[in-house]
Amino acid sequence: MAQIEIYTGHFGSGKTEVVLNRALAYAGQGETVHLVDLDIVKPYFRSREVRHFLKESGINLITPGGELENADLPVISPKVLGALSSAQGKILFDVGGDPMGATALGAFAQLIGRQGYEMFFVLNPYRPFTKDIPMVTKMLRDIEAASRLKVCGIISNPNLGRGTALEDLLLGLPVVKVMAEVLGLPISLTTITERHAALLVNELEGPIQTVKNFLLPPWELEEGQVFKMDPSLTLSHIRRDIEC
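Residues numbered from 1 in each chain as written. Predicted model: local features only at pLDDT ≥ 70, side-chain atom pairs only at ≥ 80, totals over all residues. Heavy atoms only, no water.

> What should I look at first to understand the side chain of D94 in this one?
Inspection of the secondary structure puts D94 in strand β4 (residues 90–95). Polar contacts involving the side chain of D94 include one to the side chain of K15, which spans 2.6 Å. Engagement of the side chain of D94 in a polar contact is seen with the side chain of T16, the distance being 2.9 Å. (Helix = DSSP H or I, 4+ residues; strand = E, 2+ residues; numbered from the N terminus. Polar contact = N/O pair within 3.5 Å; in protein donor to acceptor, adjacent residues only side chain to side chain.)

In C-alpha cells, the structure reads:
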C-alpha cells in the first residue's frame, strides 16, 4: 500500500466511517497515522467531529483549524502541505463527498502524484446518486477531473446504515462487483460489520475491513446535539476488536 491513501465517494456512502476504521487499523498495527479532513462539503459526518477520540488513539488529525473549523468552504490548512512534505507514516485523506469537495484535493495533486498515492472510491449502491452505472461513472470521472488524480480501486460498502440487514448485503455486494467490472477497476477492499462478516465468510472475496460505526446519524441525536460518537463504543473495546 502507498504512504498516501485517498478516500472519496458520494456523501452518505459511509466514506468517513471507512476512513476512521482504516486509520484505527493502521494505528493498531503500530503505524504512525495522519488523517487529513478535506471534507469541505456539508455532510452528516466529518472526521473532525471525533478529534479527541482520534488523538487518544494516537492518530494525528489535520483540519482547517481555528475559526474556520466548521467552514464549508475550500479552506486549505498549511498543515496539509507540511504533512505531505515531511510527515512519516500513513497519510489518509477523507475527501468531500462530491466533485466540489475533490477540488480542494486538486491543490496538492502534483505533490501527491510525485510521492505516490492510491485513491479509492467508496461505493454504496443504496445511495440515490450512485444507484446505477451511469451515475457512478459520472461521479467518479467528475471527482477525478476535479482532483486531477486517478481512482485506482473501489471500496465495496453497500449498506443502509446501522439498520443494514444480511439481505441488504447479499443484494448489494454483487451490484458493486458488476459496477467495478464496468468501470474497469478492482475491488480493493470490502468493508463490512463484524457480525455480518462472520455470516458471509464464505461469500467474500479479497481484502476485508471489518468496521464499527462510530458516529450516530442525525435522527439518533438528542435535542441540541450536532454530532456524537456511538456511546456503545469504548476505546478499549475498539482497540481490541478492530481488524485489518
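> Where do I start with the sheet that holds strand β5 (residues 117–123) in this structure?
Within the open sheet, the 8 strands sit side by side as β3-β2-β4-β1-β5-β6-β7-β8. Their pairing is parallel. Because the sheet does not close on itself, it has two edges, and the strands there are β3 (59–62) and β8 (208–211). Here the average twist between neighbouring strands, direction ignored, is 25°. As paired elements, strand β2 (residues 33–38) and β4 share 6 bridges and run parallel to each other. Counted as the bridge partner of L35 is L92 from β4. Running at roughly 150° to β5, helix α6 (residues 133–147) makes contact with β1 (4–8), β5 and β6 (151–156) of the sheet. (Pairing = 2+ DSSP bridges. Axes fitted to C-alpha atoms, helices over the stretch in contact; angles between N-to-C directions. Contact = heavy atoms within 4.5 Å.)

> Help me out: how do you make sense of unusual backbone geometry in this one?
Glycine aside, the phi torsion of most residues is negative, and most peptide linkages are trans. A positive phi angle, close to 60°, is found at R148, a residue other than glycine. Locating R148 in the fold gives a position in the loop between α6 and β6.

> Just to check I follow, could you spell out the pairing of β1 for this structure?
Walk down a regular strand and you will see the side chains alternate between the two sheet faces. For β1, a buried count of 5 out of 5 residues is recorded, marking the element as mostly surrounded by other parts of the structure. Residues I4, I6 and T8 line one face of β1 and the alternating positions E5 and Y7 line the opposite face, and both faces are buried. Sheet topology note: the β1/β4 ladder contains 4 bridges and is parallel. Looking at the pairing, E5 lines up with L92 of β4. (Buried < 20%, exposed > 50% of the residue type's maximum accessible area, 1.4 Å probe, protein only.)

> Even after reading the chapter, I still don't get the confidence of the model for the protein, so can you show me in this structure?
Fine structural detail should not be taken from predicted coordinates in areas where pLDDT scores are low. Across the protein, the average pLDDT comes to 79, with 75% of residues at 70 or higher. The lowest-confidence element of the protein is helix α9 (residues 235–241), averaging 36 in pLDDT; the highest-confidence one is β6, averaging 97. Note on residues 66–74: pLDDT is under 50 here. Beyond four places in sequence and across chains, it has 16 contacts. This model gives residues 224–244 a pLDDT under 50, and the stretch forms 54 contacts once residues within four places in sequence are excluded. (pLDDT = per-residue confidence, 0-100.)

> Just checking my understanding: could you explain the packing of α6 against helix α7 (residues 166–183) for this structure?
Relative orientation and spacing of two packed helices are given, respectively, by the angle between their axes and the distance between those axes. Where α6 meets α7, the closest approach of the two axes is 10 Å, and the angle between their N-to-C directions is 55°. Comparing their axes, α7 and α6 come out oblique. Classified by chirality, the crossing of α7 by α6 is right-handed. Across the interface between the two elements, I133, V136, T137, L140 and R141 of α6 pack against V178, M179, V182 and L183 of α7. Partitioning the contact of α6 with α7 into residue classes produces 7 nonpolar, 1 polar and 1 charged. (Parallel < 35°, antiparallel > 145°, perpendicular 65-115°, else oblique. Left-handed = near helix turned anticlockwise from the far one by under 90°. Nonpolar A, V, L, I, M, F, W, Y, C, P; charged D, E, K, R; others polar.)

> Mind showing me how you'd approach the pattern of salt bridges here?
Side-chain pairs of opposite charge can arise whenever the charged atoms involved come near each other. Evaluation of the coordinates by the stated rule reveals 6 salt bridges. A salt bridge links K90 to E5, with the shortest nitrogen-to-oxygen separation between them at 2.9 Å. You can see K90 sitting in strand β4 and its partner E5 sitting in strand β1, a full 85 residues away along the chain. The exposure class assigned to K90 is buried, which follows from its relative accessible area of 5%. Assessed through its relative accessible area of 0%, E5 is described here as buried. A salt bridge links D94 to K15, with the shortest nitrogen-to-oxygen separation between them at 2.6 Å. With D94 in strand β4 and K15 in helix α1 (residues 15–28), this residue pair connects regions lying 79 residues apart in the sequence. With relative accessibility at 0%, the residue D94 sits in the buried group. The structure contains a network of salt bridges with shared partners spanning R141, E144 and K150. (Salt bridge = Lys/Arg side-chain N within 4 Å of Asp/Glu carboxyl O.)

> I keep staring at the pairing of β4 and nothing clicks. Help me out?
Among the 6 residues that make up β4, 6 are buried, leaving the element largely enclosed by the rest of the structure. Of the two faces of β4, the one lined by K90, L92 and D94 and the one lined by I91, F93 and V95 are each fully buried.

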